[in-house]
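These are the residues of each chain, in order.
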Amino acid sequence: MTLVPPGVRETVLLGPPAGRSVPVLFAEMHGNLYVIPTGGRGGWIAQVLRVGYAEVTTSDGRTSRWAARLSLDPSEMEAARVALRRKYGEPTWSRYFAGHSKVLVLAPVPPRAARSPLEWIQEEFDASAAEYDRRLQTMPIERYLKARTLDTFLERFRDCDPLLEIGAGTGAETLPLLSAGHTITAVDISERMLAELTRGAREGGWLGRLSVCKGQLGNLSEALAGTPAGSFGGAYSSFGAFNLETEFGRVPGSLAQLVRPRGWLAFTTLNRPGLAPLAWEVLAGNPLGGLSRFGRRIPPERIRYPLEIQTRPPGAMRDAFAPWFRPVSMSPVSVLAPPFESPRMLSWLSARGVMRLQHLDQRLTRLPGGAALGEWVLLTFQRTDAPAPPVPL
Ligand SMILES: C[S@@+](CC[C@H](N)C(=O)[O-])C[C@H]1O[C@@H](n2cnc3c(N)ncnc32)[C@H](O)[C@@H]1O
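Residues numbered from 1 in each chain as written. Predicted model: local features only at pLDDT ≥ 70, side-chain atom pairs only at ≥ 80, totals over all residues.

Q: Got a minute to help me understand the overall build of the protein in this structure?
A: In terms of regular secondary structure, the protein is built from 14 helices and 16 strands. Counted over contacts in the protein with a minimum sequence separation of 6, partners at least 24 positions apart contribute 75%. (Helix = DSSP H or I, 4+ residues; strand = E, 2+ residues; numbered from the N terminus. Contact = placed C-beta atoms within 7 Å.)

So, in structure tokens, the structure goes:
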């Protein structure tokens with residue numbers, strides 16, 4: 001939520017339909033209200049975005065319904081930042097808003113239709129695309145996790161081009177794999193994430209070995225229509241798509257179509273409950289977030305990310321892929337990493353302490369049974385010779 005500093009009076013109350021409203025700071029431009037959501041958990045903002053509108057109570061006590069969307073237009077976002085900064089002053093700006101990238105736009109027009117869960121996910125990632133890499137630079141834990149999965153992908157996929165990546169984002173793993181000489185087809189639900197990836201590949205000089213495709217994991221047959229069966233020597237996905245997809249039923253079968261016999265499949269899934277992150281949540285004073293780790297679905301109110309997460313634990317994944325993929329390995333991406341960034345903890349540990357912990361972490365991830373501990377598990381499979389189901393491709 002956008003915090004309201006003491007002494008600042010000019011706020012509106014904003015909330016989801018029939019939900020609890022919170023006071024927020026806002027800028028007004030061209031009849032729209034602009035809010036930069038900061039801090040707090042996913043909560044109300046996620047609900048507002050899901051239904052597409054918010055109840056706004058102005059200082060005269062009147063409540064009305066405003067259509068809500070995330071801004072995708074960089075010049076609109078910049079204008080909102082400038083207006084908020086001017087309105088509330090530099091100290092409030094730098095204390096509450098600097099470093100937060102999304103801009104919520106409220107318009108006094110009839111609300112648009114509620115989004116489907118996947119439209120909502122797409123909008124979330126479209127809205128973060130331009131800032132995604134810059135934010136990643138400020139998140140050492142995320143970078144460490146991605147470096148670990150990348151190591152596995154580089155080793156596993158050494159001789160099995162071409163590769164298929166699903167949920168490639170801006171290319172945290174795609175770009176290093178391209179740089180290592182691989183040929184990749186990258187599928188992602190967010191066109192803007194794919195545009196960032198394409199830009200990165202162009203800058204690296206690898207565009208000739210990258211194809212991008214807007215599409216959804218749950219409907220690869222549409223995204224990759226016309227692709228011959230067995231086209232890929234390996235497929236992979238990390239940190240998102242496998243736990244955000246709401247239509248998972250056809251995923252194993254369509255991957256069985258696309259990956260050739262003896263080809264490889266590697267992806268991360270969220271571990272439940274994940275003993276180490278559970279302990280971190282409790283230590284950080286978020287026991288409800290910890291409790292939600294036992295559920296099949298993590299609602300956005302309980303986590304720091306305003307998206308609904310489908311927990312598909314490793315055992316369920318292995319069962320779903322069993323007819324066509326033989327499980328080869330299952331290891332935690334990390335055991336010790338907290339499920340959130342903690343700059344205070346990192347500065348307390350110092351660079352040397354962090355390096356030591358990373359070495360220890362890497363050893364712990366190799367322990368038998370270690371997979372029960374961490375937040376993310378990396379599963380690898382090999383395609384068997386079993387014929388793929390007749391999934392239309
Ligand atoms: C958190 S990002 C991670 C991107 C990248 N793998 C990384 O590690 O940086 C998740 C990505 O998956 C995409 N995504 C989410 N759900 C998806 C789905 N069902 N099908 C395809 N892509 C999806 C999002 O648009 C986003 O780009």
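Q: What should I look at first to understand the nonpolar core in this one?
A: Across soluble globular proteins, you tend to see nonpolar side chains buried next to one another. Membership of the largest hydrophobic core comes to 85 residues, with the highest contact counts inside it found for Tyr-34, Ala-235 and Leu-265. Looking at this core element by element, the count peaks at 6 residues for strand S12 (residues 259–270). Two domains each donate at least three residues to this core, and these are domain 1 (11–114) and domain 2 (133–383). Sequence-distant contacts of Tyr-34, defined by excluding residues within four places in its chain, comprise Phe-26, Ala-27, Met-29, Ala-80, Ala-83, Leu-84, Val-103 and Val-105. (Core = buried A, V, L, I, M, F, W, Y, C linked by C-beta atoms within 7 Å. Buried ≥ 20, exposed ≤ 12 C-beta atoms within 10 Å, placed from the backbone. Domains from an automatic or database assignment.)

Q: Can you help me understand the packing of helix H4 (residues 117–137) against helix H7 (residues 191–204) in this one?
A: Geometrically, a packed helix pair is captured by the angle between its two axes and the distance between the axes. Two numbers describe how H4 lies on H7: the axes approach to 7 Å, and their chain directions differ by 25°. Judged on the interaxial angle alone, H7 and H4 are roughly parallel. In contact with Phe-125, Asp-126, Ala-129, Tyr-132 and Asp-133 of H4, H7 contributes Glu-191, Arg-192, Met-193, Ala-195 and Glu-196. Split into classes, the residues belonging to the contact of H4 with H7 amount to 5 nonpolar, no polar and 5 charged. (Axes fitted to C-alpha atoms, helices over the stretch in contact; angles between N-to-C directions. Parallel < 35°, antiparallel > 145°, perpendicular 65-115°, else oblique. Nonpolar A, V, L, I, M, F, W, Y, C, P; charged D, E, K, R; others polar.)

Q: Before we go on, may I ask you to explain unusual backbone geometry in this structure?
A: Between Asp-161 and Pro-162 the backbone carries a cis peptide bond, its omega angle lying at -10°. Counting through the fold element by element, Pro-162 comes out in the loop between helix H5 (140–156) and strand S8 (163–166). One non-glycine residue, His-30, adopts positive backbone phi at about 45°. Backbone geometry at Phe-239 places phi at a positive 55°, although glycine is not the residue there. Tracing the backbone shows Phe-239 in the loop between strand S11 (232–237) and helix H9 (241–244).

Q: Help me out: how do you make sense of the site of the ligand in this one?
A: The immediate surroundings of the ligand are formed by 23 residues, with Phe-125, Gly-167, Gly-169, Ala-172 and Gly-240 found nearest. Counting residues per element, the ones that place at least two in the shell around the ligand are H4, strand S9 (184–188) and H9. When the residues that make up the shell around the ligand are grouped by side-chain class, the tally is 12 nonpolar, 7 polar and 4 charged. (Near = placed C-beta within 6 Å.)

Q: Before we go on, may I ask you to explain H7 in this structure?
A: A turn of α-helix holds 3.6 residues, and therefore any two residues three or four places apart point the same way. Its 14 residues give H7 an end-to-end C-alpha distance of 20 Å, which sits within 8% of 20 Å, the value for a rise of 1.5 Å per residue. Inspection of H7 places Arg-192, Met-193, Leu-194, Glu-196, Leu-197 and Ala-201 among the buried residues, and these make up the whole buried set. Residues of H7 that are buried in the fold lie against H4, helix H6 (174–179), S9 and strand S10 (210–214). (Expected span 1.5 Å × (residues − 1).)

Q: What's the story with the sheet that holds S11 in this structure? I'm lost.
A: As a general point, the strands of a sheet are linked pairwise by backbone hydrogen bonds and lie either parallel or antiparallel. Taking strand neighbours across the sheet as the criterion, the 7 strands line up as S10-S9-S8-S11-S12-S16-S15 in an open arrangement whose pairing is mixed. Every other strand in the sheet has two partners, leaving S10 and strand S15 (325–332) as the edge strands with one partner each. When strand polarity is set aside, the average angle formed by the axes of neighbouring strands in this sheet is 15°. Inspection of the sheet shows S8 paired to S9 by 4 bridges, in the parallel sense. When the bridges of S9 are listed, Leu-163 appears paired with Ile-184. (Pairing = 2+ DSSP bridges.)

Q: Whenever I open this one, the environment of Gly-215 confuses me. Can you help?
A: Assignment of secondary structure puts Gly-215 in the loop between S10 and helix H8 (220–223). Of the residues examined, Gly-215 has 18 C-beta atoms within 10 Å and is grouped as partly exposed. Spatially, the C-alpha atom of Gly-215 lies 8.8 Å from that of Glu-191, the residues being 24 residues apart in sequence. Not counting chain neighbours up to four residues away, the residues in contact with Gly-215 comprise Val-187, Ile-189, Leu-220, Glu-222 and Ala-223.

Q: What am I meant to see in the pairing of S8 here?
A: Consecutive side chains of a regular strand alternate in pointing toward one face of the sheet and then the other. Both faces of S8 are covered, namely the face carrying Leu-163 and Glu-165 and the face carrying Leu-164 and Ile-166. Where S8 lies against S11, 3 bridges are found, and the strand directions are parallel. Directly across from Leu-164, in S11, lies its bridge partner Ala-235.

Q: Sorry, what's going on with the packing of helix H2 (residues 74–88) against helix H3 (residues 90–97) here?
A: With their axes 6 Å apart at the nearest point, H2 and H3 run at an angle of 125° to one another. Between H2 and H3, the interaxial angle falls into the category oblique. Taken together, the residues of H3 that come into contact with H2 (itself represented by Leu-84, Arg-85 and Tyr-88) are Glu-90, Thr-92, Trp-93 and Phe-97. Grouping the amino acids of the contact of H2 with H3 by side-chain chemistry returns 4 nonpolar, 1 polar and 2 charged.

Q: Just to check I follow, could you spell out the pairing of strand S7 (residues 104–107) for this structure?
A: The sheet contact formed by strand S4 (residues 32–35) and S7 spans 3 bridges and is antiparallel. If you follow Val-35 over to S7, its bridge partner there is Leu-104. By the bridge criterion, 4 bridges tie strand S6 (residues 63–70) to S7 in an arrangement that is antiparallel. Within S7, the residue paired with Arg-69 across the bridge is Val-105.

Q: Any chance you could explain the environment of Glu-142 here in plain terms?
A: You can see Glu-142 is positioned in helix H5. According to the C-beta neighbour criterion, Glu-142 is partly exposed, with 17 such atoms within 10 Å. As a C-alpha pair, Glu-142 and Ala-337 span 195 residues in sequence and 9.1 Å in three-dimensional space.

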